[in-house]
Amino acid sequence: MYGWIWRHLPGNTWVRALCSLVLALGVVFLLFQYVFPWAEPLLPFNDVTVDGGGS
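Residues numbered from 1 in each chain as written. Predicted model: local features only at pLDDT ≥ 70, side-chain atom pairs only at ≥ 80, totals over all residues. Heavy atoms only, no water.

Digging into the overall build of the chain
Phase 1: Within the chain, the regular secondary structure consists of two helices and zero strands.
Phase 2: The principal-axis extent of the C-alpha atoms belonging to the chain is close to 70 × 20 × 15 Å.
Phase 3: Looking at the chain as a whole, 4% of its 55 residues are labelled buried.
Phase 4: Accessible surface, the chain as shown: approximately 5,300 Å² in total, 70% of it carbon and sulfur. (Helix = DSSP H or I, 4+ residues; strand = E, 2+ residues; numbered from the N terminus. Buried < 20%, exposed > 50% of the residue type's maximum accessible area, 1.4 Å probe, protein only. Areas by Shrake-Rupley, 256 points an atom, 1.4 Å probe, with all protein chains shown as cover.)

Spelled out as structure tokens, the structure:
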């Protein structure tokens, strides 16, 4: 998959590296802005089952 992306990016090696960095930063931005907030209520991180049970 990464080879396919690299072959289809325009320019020489430096331009391809810059384009791939911009693409990676765009994916990270989309994950943090849209995907993670959507998925957060579906994850069980706040379902704590430990009791205080003091003696």
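This is not the end of the story, as more comes after the structure.
Quick notes on the UniProt feature "transmembrane region" (unreviewed entry) in the chain
Phase 1: Within this numbering scheme, the UniProt entry marks residues 14–36 as carrying the feature "transmembrane region" (unreviewed entry).
Phase 2: Taken end to end, residues 14–36 is 100% helix and 0% strand, and its two terminal C-alpha atoms sit 31 Å from one another. (UniProt positions renumbered as here; feature names shortened; annotations may be inferred.)

Concerning the environment of Ser20
Phase 1: Mapping Ser20 onto the fold places it in helix 2 (residues 13–39).
Phase 2: The partly exposed category is assigned to Ser20, whose relative accessible area is 27%.
Phase 3: Residues contacting Ser20, with those up to four places away along its chain left out, are Trp6 and Leu9. (Contact = heavy atoms within 4.5 Å.)

Some words on a nonpolar patch on the surface
Phase 1: Together, Val27, Val28, Phe29, Leu30, Leu31, Phe32, Tyr34, Val35, Phe36, Trp38 and Leu42 give the surface a local cluster of nonpolar side chains, amounting to about 1,200 Å² of exposed area.
Phase 2: Residue Phe32 is classed as exposed on the basis of its relative accessible area, which comes to 55%. (Patch = residues over 30% accessible without salt bridge, like charges linked within 9 Å, V, L, I, M, F, W, Y side chains within 5 Å. Salt bridge = Lys/Arg side-chain N within 4 Å of Asp/Glu carboxyl O.)

Quick word on the environment of Asn46
Phase 1: For Asn46, the position within the fold is in the segment after helix 2.
Phase 2: A relative accessible area of 64% means that Asn46 is categorised as exposed.
Phase 3: Linking Asn46 and Arg7, residues 39 residues apart in sequence, is a C-alpha distance of 43 Å.

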